[in-house]
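Remarks on the overall topology
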Amino acid sequence: MSMHLIPYSDPLAAFAPFAGQDGSVLLDSAAPSGGRGRWTYLCVSPLTCVTDPADPFAALDHAVRSLPTAQPDPNPLLPPFRGGVAGWLAYEAGRHLEALPTARPDDLGIPEAAFGVYPVIAAFNTLSRTAMVLGLPGFERDAADLAARLSVSTPLAPPASATAPMRAELSRTEAADRIRQVIDYIYAGDIFQANWTQRFLAEHLPPGVPPFDLYRRLRALSPAPFAACLSFDGAHVLSASPERFLQVSADGHVETRPIKGTRPRGQTPEDDARLAADLCASEKDRAENLMIVDLLRNDLSRVSQVGSVRVPVLNGLESYATVHHLVSVVESQLRPGDSAVSLLRASFPGGSITGAPKIHAMELIHALEPARRGPYCGSVFWLGPDGAFDSSIIIRTLVIGRSGRIAAQAGGGIVADSDPMAEVEEALTKARAMIRAVSGADLPQFPQQS
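First, a word on scope: everything that follows refers to the structure included in this document. (Residues numbered from 1 in each chain as written. Predicted model: local features only at pLDDT ≥ 70, side-chain atom pairs only at ≥ 80, totals over all residues. Heavy atoms only, no water.)

1. A closer look at the overall build of the protein chain
To keep things clear, this is the line we draw: Each helix corresponds to a stretch of at least 4 residues labelled H or I by DSSP, and each strand to a stretch of at least 2 residues labelled E; elements are numbered beginning at the N terminus. Accessible area is worked out with a 1.4 Å probe on protein chains only. A residue is then buried under 20% of its type maximum, exposed over 50%, and partly exposed in between. Every residue pair with non-hydrogen atoms within 4.5 Å of one another is taken to be in contact. In this tally, Asp and Glu contribute negative charge and Lys and Arg positive charge; neither His nor the terminal groups of the chain are included. A single reference atom marks each charge: NZ on Lys, CZ on Arg, CG on Asp, CD on Glu.
A tally of regular secondary structure across the protein chain gives ten helices and 22 strands. Principal axes of the C-alpha set define a box for the protein chain whose edges measure 60 × 55 × 45 Å. Every one of the 450 residues in the protein chain was classed for burial, and the buried ones make up 58%. Sequence separation of 24 or more characterises 77% of the internal contacts of the protein chain that already satisfy a separation of 6 or more. Of note, the protein chain has its 39 positive side-chain charges centred 2 Å away from the centre of its 48 negative side-chain charges.

2. Side note on the nonpolar core
Selection criterion: Grouping buried Ala, Val, Leu, Ile, Met, Phe, Trp, Tyr and Cys residues that are joined through side-chain atoms within 4.5 Å yields what is termed a nonpolar core.
If you look at the biggest cluster of nonpolar residues, it comprises 101 residues, and the most contacted ones within it are Val85, Val133, Leu150, Phe200, Leu214, Leu344 and Leu398. Broken down by element, this core gets its largest block of residues, nine residues, from helix α10 (residues 420–439). Grouped together as the second largest cluster of nonpolar side chains are 29 residues, Trp39, Cys43, Ala235 and Val237 included.

3. What about the packing of aromatic side chains?
The condition is simple: Paired rings are identified among Phe, Tyr and Trp, the last through its six-membered ring, by centres lying within 6.5 Å, and are further divided according to the angle between planes into stacked (under 30 degrees), edge-to-face (over 60) and tilted (the rest).
The tally for this structure, following the rule as stated, stands at eleven aromatic pairs. With centroids separated by 5.6 Å and ring planes inclined at 65°, the aromatic side chains of Phe15 and Phe212 adopt a geometry described as edge-to-face. Placement of Phe15 in helix α1 (residues 11–15) and of Phe212 in helix α5 (residues 211–221) is noted, with a sequence separation of 197 residues between them. As far as the burial class goes, Phe15 and Phe212 line up, both buried. Ring geometry for Trp88 against Phe232: centres 5.6 Å apart, planes inclined by 85°, an arrangement best described as edge-to-face. With Trp88 in strand β5 (residues 84–89) and Phe232 in strand β11 (residues 226–232), the pair connects residues that are 144 residues apart, well separated along the chain. With respect to burial, Trp88 and Phe232 carry one shared label: buried.

4. Remarks on the environment of Cys280
Summarising the element assignment, Cys280 is placed in helix α6 (residues 269–281). Along the backbone, Cys280 and Gly316 are 36 residues apart, and their C-alpha atoms lie at a distance of 8.0 Å. Dropping the residues within four chain positions of it, Cys280 is found in contact with Arg286, Leu317 and Leu326.

5. Some details on the pairing of strand β3 (residues 39–43)
Regular strands show a simple pattern: their side chains alternate between the two faces of the sheet. Note the threshold: When DSSP finds two or more bridges between two strands, those strands count as paired.
Among the five residues in β3, five count as buried, and that is most of the element. Burial of β3 is two-sided: the residues Trp39, Tyr41 and Cys43 facing one way and the residues Thr40 and Leu42 facing the other way are all buried. Direction of pairing for β3 relative to strand β7 (residues 120–125): antiparallel, over a ladder of four bridges. Bridged to Trp39 within β7 is Asn125.

6. Details of helix α8 (residues 340–347)
Burial within α8 is extensive, with seven of its eight residues counted as buried. What α8 keeps buried is the set Ala340, Val341, Ser342, Leu343, Leu344, Ala346 and Ser347.

7. Describing the packing of helix α2 (residues 56–65) against α8
Keep this limit in mind: For helices, the fitted axis covers only the stretch in contact; all axes are lines through C-alpha atoms, and the angles between them, taken along N-to-C directions, range from 0 to 180 degrees. Reported orientations rely on four angle classes, namely roughly parallel under 35 degrees, roughly antiparallel over 145, roughly perpendicular from 65 to 115, and oblique for the rest. Put simply, a crossing is left-handed when the front helix is turned counterclockwise from the back one by less than a right angle, and right-handed when it is turned clockwise. Polar here means any residue other than Ala, Val, Leu, Ile, Met, Phe, Trp, Tyr, Cys and Pro, which are nonpolar, and Asp, Glu, Lys and Arg, which are charged; Gly is therefore polar.
Interhelical geometry of α2 versus α8 gives an angle of 170° and a closest axis separation of 10 Å. With respect to each other, α2 and α8 are oriented roughly antiparallel. The crossing of α2 and α8 is right-handed. Residues Phe57, Ala58, Leu60 and Asp61 of α2 form the contact with α8, whose participating residues are Val341, Leu344 and Arg345. Grouping the constituent residues of the contact of α2 with α8 by class yields five nonpolar, no polar and two charged.

8. Considerations on the pattern of salt bridges
For clarity, the cut-off: By definition here, a salt bridge exists when the distance from a side-chain nitrogen of Lys or Arg to a carboxyl oxygen of Asp or Glu is within 4 Å.
Scanning all chains against the criterion turns up 33 salt bridges. As a salt-bridge pair, Arg405 and Glu203 come within 3.1 Å of each other at their nearest N and O atoms. Taken as a pair, Arg405 in the loop between β21 (397–400) and β22 (406–414) and Glu203 in the loop between β10 (193–202) and α5 lie far apart in primary sequence, 202 residues in all. For Arg405, a relative accessible area of 15% puts it in the buried group. The partly exposed category is assigned to Glu203, whose relative accessible area is 41%.

9. Observations concerning helix α4 (residues 172–187)
The cut-off we apply is this: Take the number of residues in a helix, subtract one, and multiply by 1.5 Å to get its expected span. Summarising the geometry, the arc corresponds to the directions from the helix axis toward the C-beta atoms.
In this model α4 runs 23 Å from its N-terminal to its C-terminal C-alpha over 16 residues, within 8% of the 22 Å that 1.5 Å per residue would give. Restricting attention to buried positions, one finds in α4 the residues Ala175, Ala176, Ile179, Val182, Ile183 and Ile186. Along the axis of α4, the buried positions cluster into a sector of 110°, meaning they face one direction only. Contact partners of the buried residues in α4: β10, α9 (358–368), β22 and α10. Remark: Gly189 follows α4 within two positions and exhibits a positive phi of approximately 85°.

10. Comments concerning the pairing of strand β14 (residues 253–256)
With two bridges connecting them, strand β13 (residues 244–248) and β14 associate as antiparallel partners. Counted as the bridge partner of Gln247 is Glu255 from β14. From the end of β13 to the start of β14, which pair antiparallel, there are four residues, and Gly252 there has a positive phi angle of about 90°. Of the strand pairs in this sheet, β14 and strand β17 (residues 323–333) are connected by four bridges, and their pairing is antiparallel. From the neighbouring strand, His253 faces β17, where its bridge partner is Gln333.

11. A word on unusual backbone geometry
Cis geometry marks the peptide bond from Phe348 to Pro349; its omega dihedral reads -10°. Mapping Pro349 onto the fold places it in the loop between α8 and β18 (355–356). In this model, Asp233 sits at a positive phi of 55°, which is unusual for a non-glycine residue. The backbone of Arg396 sits at a positive phi, close to 50°, despite the residue not being glycine. Structurally, Arg396 can be placed in the loop between β20 (389–393) and β21. Since its relative accessible area comes to 10%, Arg396 is described here as buried.

12. So, the environment of Arg65
Stated precisely, the cut-off is as follows: Here a polar contact is taken to be a pair of N or O atoms separated by no more than 3.5 Å, where protein atoms must pair a possible hydrogen donor with a possible acceptor and residues adjacent in sequence count only if both atoms sit in side chains.
Along the polypeptide, Arg65 turns up in helix α2. With a relative accessible area of 61%, Arg65 lands in the exposed category. As for Arg65 and Gly20, which are separated by 45 residues in sequence, their C-alpha atoms are 27 Å apart. Here Asp61 takes part through its side chain, which lies 3.0 Å from a polar atom of the side chain of Arg65.

Below is the structure:
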């Protein structure tokens, strides 16, 4: 592996010349949280791009195995990702793993799976303010070229400020009715919980606002440790996700951090503390989180060493720019012979955005949500040839399709004692930063009540 130290600069400014190009990926630690949010990665000029393969999990495994593996280097100053594969898997990629209903039509124009192969990457340590370019064996010249290019950066002008209206796909009443149907299924004994969501749409980008500027606006409103800006095949994913899906170290240690339980941030310190305390004391939210922890323990146990699955944190409080969340931590150790890809096969899509039992909850989601999810509730990830892996759940994300339409989506876990209208308002709280980034308003336009 080759390494070139480069002058530290704003990673957004360094990425700007590549933004929007096919295969450009910014994995952006925009907000440190609980020891996470240290490294920001620039993955540009991919060796190859893969979109919509017949089996995205097999294609991902093949892509990473095609890369040379560097000798292990325990240097603590090096990042965990040192080149490999990066991209997204849409929620509907789960159909390759389970017998699920046929996905709804793609009304945006977005690949179900899209990733690039990057033998050379740049890594920015946002805490120590150091930066480097790393190249896998055989790509030393490419690493030197990228290092030379990134050694000079130009400050960014503020993002363009034009806006475009966003509309809700359903009225508040229609959304609450769908949630009541989920509750009916729960009382009938079909499921324990389902994560029902709704979409908010803009028909086009704001005039003169490229996707990267829209990402920068979202990032400013809602900085997050798993933020990302990706472009593949004319589609863009602009994410401000706070949620880790799966992380695997090079020696096979696994961590997942499901989020369940949300309150808005308060207007004053006293109000903020009250809302946080209310969330921590909520039996409903704690029970909802526990159900998903149990589901993920089961998913991880399918590829983990017997007795290695544990829960070091249950219902921990984490606070972000716009919301408080309850977050748990589940850990395990992969079995010999298993890998990040086999873990993905056992766990995708994430339990926190499906429900329990998982497959039946996904069937009900298909029946009760009016459109396919696309990248939303899928995962942004990186995977190294040494087996290291990290990924997010794609929430708090704007998706721009080849059609030019923009979609945001939000929802929550529905349980037996959920209040339908309160769940609708919680979804609007989660969507507020995305809606404001596009439209300048806190709320979308709603269809007239039918």
